[in-house]
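# Structural characterization, general
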Amino acid sequence: MTGRFRLLLALAASPGPLAAQQLCDGAVRAPGPGGWAEYVVQAPRGQGTSTVRYAIVGSEKRGERRFVRFETRARGTGGGSVATQVLVPGYPYEPATVQEVIVQRGTETPVRWGPSLLARARTAAPSALNQLIAASCTGATLVGEEEITVPAGAFQTRHFRNAEAGSDIWISDAVPFGVVKVAGAGGASLELLDRGNRAQSSVTGKPRVVNGAN
């Protein structure tokens, strides 16, 4: 895996969570099972692009609580990919609520994180992409309603701006997860490529359990 692709995956596909909070007045939230949204992501300072799909690919009940399987699938410009699934109460979510993590790089055998790695996931910092979304919403003010055009088409949106973070975000209720576009500091950005409501899991094969840095 090239260093550049590792950078893109760090931006787009880390299983690190957002804190559970009302992002952009609650407009950034998980869709129903099958909902997905795919984005083109520009790393800051011109360090490359990737495509990233957010999806809810299932749900299950553990004890008295229902959880959703939130999947992030990232592809670099060189064609490599990684799919990461976390079993969580919703999106966004608190680190301590992560019940399970499964990661698959390309066509390699998927791995399920054992207790030690799962404990790390429960204290991990958010991925750079999730930080970008959170920074654009937290402390932001509503600029107004705007129609914008992205690769997925034209959308009527609510435009929020965080002047302190130097970022803007455009939100639409017509899009799973709500996010249409983000423009952040250092040239970091994402734009909606496509969306739908029939997402299937990108993980193939039976995961093996890994409990260390192998």
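Calculation criteria
Residues numbered from 1 in each chain as written. Predicted model: local features only at pLDDT ≥ 70, side-chain atom pairs only at ≥ 80, totals over all residues. Heavy atoms only, no water. Helix = DSSP H or I, 4+ residues; strand = E, 2+ residues; numbered from the N terminus. Contact = heavy atoms within 4.5 Å. Areas by Shrake-Rupley, 256 points an atom, 1.4 Å probe, with all protein chains shown as cover. Pairing = 2+ DSSP bridges. Axes fitted to C-alpha atoms, helices over the stretch in contact; angles between N-to-C directions. Buried < 20%, exposed > 50% of the residue type's maximum accessible area, 1.4 Å probe, protein only. Salt bridge = Lys/Arg side-chain N within 4 Å of Asp/Glu carboxyl O. Polar contact = N/O pair within 3.5 Å; in protein donor to acceptor, adjacent residues only side chain to side chain. pLDDT = per-residue confidence, 0-100.

Moving on to the overall build of the protein chain. Scanning the protein chain for helices and strands turns up three helices and 12 strands. In the protein chain, the proportion of contacts linking residues at least 24 apart, taken out of those at least 6 apart, comes to 56%. Of the roughly 9,900 Å² that the protein chain leaves accessible, carbon and sulfur atoms contribute 48%.

Here we come to the sheet that holds strand β10 (residues 179-183). Pairing in this open sheet of 12 strands is mixed, and the strands run β7-β8-β9-β10-β11-β1-β2-β3-β4-β5-β6-β12 from one edge to the other. Among the strands making up the open sheet, the edge pair consists of β7 (141-150) and β12 (208-210). Shown here is a sheet whose adjacent strand axes are inclined to one another by a mean of 25°, direction ignored. Here three bridges tie β10 to strand β11 (residues 189-196), and the two strands are oriented antiparallel to one another. Its bridge partner being in β11, Lys181 is matched across the sheet by Glu191. Its contacts with the sheet put helix α3 (residues 128-137) on β1 (36-42), β2 (49-62), β8 (153-162), β9 (167-171), β10 and β11, and the angle it makes with β9 is roughly 90°.

With that settled, the discussion passes to the environment of Phe177. Structurally, Phe177 can be placed in the loop between β9 and β10. On the accessibility criterion, Phe177 (3% relative accessible area) is buried. Residues Phe177 and Ile56, 121 residues apart in the sequence, show an inter-C-alpha distance of 9.7 Å.

To continue, consider the pattern of salt bridges. Enumeration over the complete set of coordinates arrives at 10 salt bridges. Here Asp168 and Arg161 are joined by a salt bridge, their closest N and O atoms 2.7 Å apart. For Arg161, a relative accessible area of 40% gives the class partly exposed.

A separate point is the environment of Arg66. For Arg66, the location among the structural elements is in strand β3 (residues 65-76). The class of Arg66 is partly exposed, set by a relative accessible area of 49%. Among the polar contacts made by the side chain of Arg66, one reaches the side chain of Ser59 at a distance of 3.5 Å.

For the rest of this paragraph, the subject is the side chain of Gln85. When you line up the elements, Gln85 lands in strand β4 (residues 81-88). One polar contact links Gln85 to Glu71, side chain to side chain, over a distance of 2.7 Å. Polar side-chain contacts of Gln85 include one of 2.7 Å to the side chain of Ser201. The residues touching Gln85, leaving out its near neighbours within four places in the chain, are Val57, Arg69, Phe70, Glu71, Glu100, Val101, Ile102, Ser201, Ser202 and Val203.

Overall, the predicted model of the protein chain reaches an average pLDDT of 87, with 89% of residues at or above 70. Confidence drops under pLDDT 50 across residues 1-13; counting only partners more than four residues distant or on other chains, this segment forms 40 contacts.

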